[in-house]
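Topology and contacts: notes
The lines below spell out each chain.
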Amino acid sequence: MEDTISRIVSELETHCSLAEPNSPLPIPESTLFDLQTLLDNALDTNDPLDIERLYEELQSKNISLSCLVGSFASAMDLGPSHLSLLASNVYLSMLLSPNAPVLTLFTPMAFLSLLRSIRRSLKTPSSSPLPPSADNRGNKKKRGRNSRNRGRSNEEIEGGTEENRFDIRVFLSVFKRLELVLGLVHLDRFPDSLRSLIQTIAEIPVMGIEICGASSDYSTLCNLCFRILGEILTPKHGNQEITAAELLKTLAPAIFLHRSQARTFAIGFVVNQMMGFAKECIEVKKAVLNLPKYLVQKAPERSEPRALAVESIMEIVKAMEYEDQIGFVDYVVKMSQGKTHLRLLAVDLILVLIMSLRDPFGFSSGSDIENSWGLRCLKSLTERCSDSTAGIRARALTNLAQLVGFLSGDKRSQAVLKEVIGFCNVVCNDLLRQRCKDEKAAVRKAALLLISKLTSLLGGTVDEVVLKTMGMACSDPLVSIRKAAVSALSEAFRKSTDEGVTREWLHSVPPLIIDNETSIQEDCENLFLELVLHRVSRAGSTTLPQNKSSLHDSNVKTKCLQMEIESLFPEGVLGLLKEICNGEVTPWVKKICTSLGKKKWLKPRIVTALQNIIRTSESVWLNHNMPIEKWTAPPGAWLLLSQVSVYLSKSVDWEFLQYHWQLFDKYGSGSEVKRPLEHVVAEEEVFGIQRNPVARAADRVFLLQTISNVSVDLPPEPAADLAHNLLKRIEKFNMDFSEVNAHVKALRTLCKRKALNPEEAEGLIMKWVNQLLSKASQTLENYMSKDADAKKESSFLTPPRSGSRKGKKGAAAMSRLLSKTVTSVYTMGCLVIICPMADLKAIIPILHTIMTSGNSDPKLTKLPGPSASIKQTAPSLYIQAWLTMGKICLADGKLAKRYIPLFVQELDKCDNAALRNNIVVMMADFCIHYTALVDCYISKITKCLRDPCELVRRQTFILLSRLLQSDYVKWRGVLFLRFLLSLVDESEKIRQLADFLFGNILKAKAPLLAYNSFVEAIFVLNDCNAHTGHSSPQGSQADGRLFSIRGNDEKSRSKRLHIYVSLLKQMAPEHLLATFAKVCAEILASASEGMLNIEDATGQSVLQDAFQILACKEIRIPSNRGSSSDSGDLDEEGGDTGGSPASAARGRAITQAVKKGLIQNTIPIFIELKRLLEGKNSPLTGSLMECLRILLKDYKNEIDEILIADKQLQKELIYDMQKYESSKAKSTAAEAVSVMKRQETSRSPGTSSAANQRNMQSKVPDRLKSNSKMNSAMEDAVAEARARSVIREVKQGTSTPPLSAMSAPKLKASNGGVGSQGNKSSAVLESLRRQCFDSDEEN
């Protein structure tokens, strides 16, 4: 070692001679290697002789240790990374060497250089900051010129790279020796060095991932960091509480890292190391307990990082003791009343806290549930479901739904959930109803998810209003909401057999079979198959009980029979089948069955089950000795069988059908007519039953449809008998219309399926069609002639004879003949539909005579026929004549061209709602077959949208909507504007249809329609013609009044505003900006220029509507201006775009565009219009100022710039804004105080008023306390309430409580004397008594 020491001393002497006193040079690498060798040998042998000799030699050469330390620091700061790391290792080895002068060698500057060296080695592990030397450049040139020197050049280059390469062994050696040095050097005297050491060691695991990866070296590095940080926490390095706080604060960024080993290191150190220190040291415990609260404050706002932060916080909280965990829970509950991002984080934390920590409701400890921390969290989460920020509402509802699913496994937790958020809770029901109608889609979806979870928990018991709200959500414009609503409603239907749930499901889910979204159609089919068909199959396949003696009681009433039959079939199957018969449900059931049948998803067991249900019902009826002619099958059974039998014809039992057809034929309508009335009444009294001919007629229709479906499998002889029977029944013309249509279709199906070829089938059909038409024509002519004779005879009698027996018999005979004639005319229409080529020459003139019998045209009175009007004497025949003629026109285009104007004329003047409804249906069919002929009459058809009859309005809306979707009618002219009034129709069903049309169909099919017609709609709805430039003719004025909502009353304005808002919701952001500009330019500018008469009532209404539109929130575009709540909403609804740079840039661009538009276009118009309105002393001035206040409330700081053209308006607007904020603060404070006063009346008598007042103030939300104006108004309101309470107590003779019981401020004498205490107190109290609490808001 002598040579090494001498070489080291020589080189250091030369080095120090070259260095300047204040700027030492880095120690050469060779010297560092020699020093490292020497120090390693000394440390290994623990022999201080070599080190002491080195110090002696240095001292003999006048080389001080301070100079040596400076050279080490210079090497660590300025040298390449590998040299810097080597210098660090040598420096630490010198500190650890035996008998080393530690206090001399250790300096804060050198220690900071050491820490910087460690950081640099990780940042640039494979590169050197030194420039290439001349030798290297020469070597490269030689290699390029001389191939013989190539091997040598490569070795040199590789040697240079080896020097710059990161050596993990040296790096780990530095950390090991640093740990040992911390045992020698106490950093309590060097706080800056301690702080830098904590920051460096805490960041090493983050920086070392890129170098070490997932190797064992990284684990070794993390363990060394563990030990170093643990050593730092010992008392010898200073105040443990401060050190622990600094350490945890430094570890916080690593805890929030996503998918990083550094995060595992940081959390592991806190959970394993810090928690151990916390148990032994109270100072460390304080810091550890504050760590989750600190992490809460630093947690990111975006969804994924926030979820990771919640997970990290919970890992730390779970390592705490139970009492400390409860303390953090209380902090989170309080945090749920804080700022927006804290409330959002609290919502996520509450979920994980209840799911992770033990015994949330105190079941195991036996404590009171009311005082449990879990109940506090649950109530806090429920409160956040009504948060002002949409993102928090959605998140709270989603977490609450997840919590319901988690806690539903424990019966005791179920009881708590039912009490807090069950459907029996009125507050919870109101909350769910409001959230299902929320303006934000994410909130509605989360509310439906919560309802679905609650339904699973509570067994399908759902509040009726919530149920209807779910049904309405099935028509939501958004696909995701419709899916969530279908899922929630289906879950309720799956769990419950309640009639209300069944009804709502059938009215809401099956209509989605025509939804635009294919996935929703598939869900609808699958759910119908599962919840309807499979349920019916299970119920019909169960083993039925044997007949019992109790079934033979002949005095059992019908209601008891019905209950007994229902008890035989579980799961509410009979109620389900009954609701299928509803006219609003049946069309969708038919479509679903058709779709399932085409996909071959229908199984034969459904047919078997339906047959069993019908047989069982009949068996129970007969077992009670009831008359078979009064029996009807369970409603809906035959209907469903008729639909599924189309695709399962071979599964239907022909004997079953034949038996019931014979039963219906034997006890049909004819036998019922023949039976004496007194026998029928007596039978009803004995058996307690009622006749239901309508149900029997419907069953016969569905039975006929079923027979038609299976007719191809019928034997020849039964088929021929059935056809003959059907024909004979049709010829009697005494059936219900539905039965007539079913008989005609069944007869045609039999002919087609049993004929040998199509020509034979057509011949057979033509033969019996002409036969029936001939008989129907004879019946019609017979009635017309008898009616003419009767009127001719009565016209010669004055007064007419009507009271005689003969007259009564004649009237009864004519009534029966009229009924037969009406049925015959209806039969004509049915025959024309199935056979358009039939001969109708003899029928058309008679129908024409009936149709024109009510016409007052003198030319038409010369036509042969009765002089009196058929329209008045036989309205049913009159209506059927129009209906049949419409069917004939569908088959004959030439005839349609002649009669379509007649149909339009009748539609315009007819006073019969049934006829108007039929004509609208016929005109819709004409529009499909003869589009060009009907197109000019569309405006007249749209008048039916304002028909006094709801059925006609709804039918017109549905038919025109279908024509518009199929492009038979175009959205042009007044059609769109007339459809707008359906949005505010008196009928709720029509309003729902209109919302669906504008929100779903029209938004996708014609997205620009609302934008292009918006301004025109404002004028049309107010019946203002200023936009047309000329007055409208008389007829157009009448139509304008019909399709307008005139008036300036509150009801009319609210209706118009609802229409405007509905249109604005369909517009894209760029169209909203353009609409804002168009309203300003075409309405406000027109008014200021005199083109719009503001003295006219309609002009004033238009202008006031324009102010309302510009001030409504729907026309504004969210620009994320100075608020994180908007980004939170976007985060929950549309992913993570809310906090992205692109979104922020978009928000800034929108803000600038709106601001530019306000300054350049809008504000000048407002200024000019304000002067005009003030000059005319118009009442619209207040509306203008209110609109301007709302427009500029987001630009309070820029009002001087925006209103630079009108200083007076600027002052007035600022005053109005301040006035509005003060009044709003006052009203909010008054409302809060009134609530608190109600709570005060319910407090216990022992509670003092002062204590209650403190409680009232503590219940004020933090967001109100943070507002200075709100806080001031709140204090004034509380003081006023307190003063009034004192006055009231004085008037009632109640003694004033002593000062000790009051919340009075503690007063201190100014001179410190005792004698002046009472005088001061009395003076203060006297001043309080004289104070006026009715302070003006300006003060």
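Keep in mind the model is a prediction, meaning the values are calculated, not measured. (Residues numbered from 1 in each chain as written. Predicted model: local features only at pLDDT ≥ 70, side-chain atom pairs only at ≥ 80, totals over all residues. Heavy atoms only, no water.)

With respect to the overall build of the chain
Counted only if it meets this: Only DSSP runs of H or I covering at least 4 residues are called helices, and only runs of E covering at least 2 are called strands; the numbering of each starts at the N terminus. Between buried and exposed lies partly exposed: a residue is buried under 20% and exposed over 50% of the maximum accessible area for its type, with that area taken using a 1.4 Å probe on protein chains only. Here, residues are in contact when the closest pair of their heavy atoms is within 4.5 Å. We get accessible surface area from the Shrake-Rupley algorithm with a probe of 1.4 Å; when it comes to residues, only the shown protein chains can shield them.
Of the regular secondary structure elements, the chain holds 66 helices and zero strands. Scored against the burial criterion, the 1339 residues of the chain give a buried share of 48%. Sequence-distant contacts in the chain: of pairs separated by 6 or more residues, those separated by 24 or more amount to 73%. Surface summary for the chain: the accessible area is close to 65200 Å², and the carbon and sulfur share equals 52%.

Some words on the packing of helix 26 (residues 479-495) against helix 27 (residues 499-508)
Keep this limit in mind: Every axis corresponds to a line fitted to the C-alpha atoms, with the helix fit spanning only the stretch in contact, and the corresponding angles, defined between N-to-C directions, vary from 0 to 180 degrees. Working rule for handedness: look at the near helix, and if it is turned counterclockwise from the far one by less than a right angle, call the crossing left-handed; if clockwise, right-handed. In this classification, the charged set is Asp, Glu, Lys and Arg, the nonpolar set is Ala, Val, Leu, Ile, Met, Phe, Trp, Tyr, Cys and Pro, and all remaining amino acids, among them Gly, are polar.
Contact geometry of helix 26 with helix 27 gives a least axis separation of 9 Å together with a crossing angle of 145°. Our pair here, helix 26 against helix 27, has a crossing hand that is left-handed. Residues Leu489, Ser490, Ala492 and Phe493 of helix 26 lie in contact with helix 27, whose contacting residues are Val501, Thr502, Glu504, Trp505 and Ser508. Tallied by class, residues from the contact of helix 26 with helix 27 come to five nonpolar, three polar and one charged.

Brief notes about the side chain of Ser452
Note that Ser452 resides in helix 24 (residues 441-458). We classify Ser452 as buried; its relative accessible area is 12%. Excluding residues within four positions of it along the chain, Ser452 makes contact with Ser487, Ala488 and Glu491.

Digging into helix 13 (residues 216-232)
In plain terms, the rule: Any helix carries an expected span of 1.5 Å times its number of residues minus one.
Taking 1.5 Å per residue as the helical rise, helix 13 with its 17 residues ought to reach 24 Å, and the 25 Å between its terminal C-alpha atoms agrees with that figure. All of the buried residues in helix 13 are Tyr218, Leu221, Cys222, Leu224, Cys225, Phe226, Ile228, Leu229, Gly230, Glu231 and Ile232.

Brief notes about the pattern of salt bridges
Just so we agree on the cut-off: Salt bridges are defined by distance alone: a side-chain nitrogen of Lys or Arg within 4 Å of a carboxyl oxygen of Asp or Glu.
Tallying each qualifying case throughout the model produces 41 salt bridges. Where Asp348 meets Arg306, a salt bridge forms, and the shortest distance between an N and an O atom there is 2.9 Å. With a gap of 42 residues between them, Asp348 in helix 19 (residues 340-356) and Arg306 in helix 17 (residues 303-318) connect regions that are remote in the sequence. Per residue, the accessibility class of Asp348 equals that of Arg306, and both read buried. Between Asp348 and Arg395 there is a salt bridge, with the nearest N and O atoms lying 2.7 Å from each other. Of the two residues, Asp348 sits in helix 19 while Arg395 sits in helix 21 (residues 390-407), which places them 47 residues apart along the sequence. Exposure remark for Asp348: the relative accessible area of 5% places this residue in the buried category. Owing to a relative accessible area of 26%, Arg395 belongs among the partly exposed residues under this scheme.

With respect to the packing of aromatic side chains
The line we're drawing: Think of it this way: a Phe, Tyr or Trp ring, Trp meaning its six-membered ring, pairs with another when their centres are within 6.5 Å, and the plane angle makes it stacked under 30 degrees, edge-to-face over 60, tilted otherwise. We count a charge as sitting over a ring when the NZ of a lysine or the CZ of an arginine lies within 6 Å of the ring centre and within 35 degrees of the ring normal.
Taken as a whole and judged by the stated rule, the model has 21 aromatic pairs. Ring centres of Phe957 and Phe979 lie 5.2 Å apart, and the angle between their planes is 45°; on these two criteria the pair is classed as tilted. Taken together, the residues span a long stretch of sequence, with Phe957 in helix 49 (residues 950-965) and Phe979 in helix 50 (residues 975-979) at a distance of 22 residues. Take Phe957: its relative accessible area is 2%, and that puts it in the buried class. A residue is classified by how much of its surface remains accessible, and Phe979, at 0% relative accessible area, is buried. Relative to Phe979, the ring of Trp971 has its centre 5.3 Å away and its plane inclined at 70°; by these criteria the two rings are edge-to-face. The ring of Trp601 has Lys599 lying over it, and the distance from NZ or CZ to the ring centre is 5.1 Å. In this structure, Lys1078 is placed above the aromatic ring of Tyr1011, and the distance from its NZ or CZ to the ring centre is 4.6 Å.

Digging into unusual backbone geometry
Leaving glycine out, the prevailing phi sign among residues is negative, and the prevailing peptide bond configuration is trans. Residues other than glycine seldom take positive phi values, yet Asp359 does so here, at roughly 50°. Relative to the helices and strands, Asp359 is located in the loop between helix 19 and helix 20 (373-384). At Asp1023, a position not held by glycine, the phi torsion is positive, near 55°. Within the fold, Asp1023 resides in the loop between helix 53 (1014-1021) and helix 54 (1034-1042). Owing to a relative accessible area of 15%, Asp1023 belongs among the buried residues under this scheme.

Overview of the environment of Ser260
Operational definition: Think of a polar contact as two N or O atoms within 3.5 Å of one another; within protein, one of them needs to be a possible hydrogen donor and the other a possible acceptor, and neighboring residues in sequence only count if both atoms come from side chains.
Tracing the sequence through the fold places Ser260 in the loop between helix 14 (240-255) and helix 15 (261-280). Remark: the alpha-carbon pair of Ser260 and Pro205, spanning 55 residues in sequence, is separated by 9.6 Å. Here the side chain of Ser260 touches Ala262 through a polar contact of 3.1 Å, landing on its backbone nitrogen.

Regarding the side chain of Thr455
Summarising the element assignment, Thr455 is placed in helix 24. By relative accessible area, which is 0% here, Thr455 ends up buried. Polar side-chain contacts of Thr455 include one of 2.6 Å to the backbone oxygen of Ile451.

Side note on the packing of helix 13 against helix 15
Where helix 13 meets helix 15, the axes come as close as 11 Å, and the angle between the chain directions of the two elements is 35°. By crossing handedness, the relation of helix 13 to helix 15 is classed as right-handed. Two secondary-structure elements touch here, helix 13 through Tyr218, Cys222, Cys225, Phe226, Leu229 and Gly230 and helix 15 through Gln261, Ala262, Phe265, Gly268, Phe269, Gln273 and Phe277. Among the residues making up the contact of helix 13 with helix 15, the classes are represented as nine nonpolar, four polar and no charged.

With respect to the confidence of the model for the chain
Spelled out, the test is: One confidence number per residue, pLDDT, is output by the predictor and ranges from 0 to 100.
Model confidence for the chain is summarised by a mean pLDDT of 78, while 76% of its residues fall at 70 or above. Taking the mean pLDDT of every element in the chain, the minimum, 35, falls on helix 36 (residues 677-687) and the maximum, 94, on helix 31 (residues 586-598). With pLDDT under 50 throughout, residues 858-866 is counted as low confidence; its partners more than four residues away or in other chains account for eight contacts. Below pLDDT 50 for its whole length, residues 1241-1266 participates in 30 contacts with residues either more than four positions away or in separate chains.

A look at the environment of Arg1116
For Arg1116, the location among the structural elements is in the loop between helix 57 (1097-1111) and helix 58 (1125-1134). Sequence-wise, Arg1116 and Leu1191 are 75 residues apart; in three dimensions their C-alpha atoms are separated by 9.2 Å. Among the polar contacts made by the side chain of Arg1116, one reaches the main-chain carbonyl oxygen of Ala1111 at a distance of 3.2 Å.

Overview of the environment of Ile958
Inspection of the secondary structure puts Ile958 in helix 49. The class for Ile958 is partly exposed, based on a relative accessible area of 26%.

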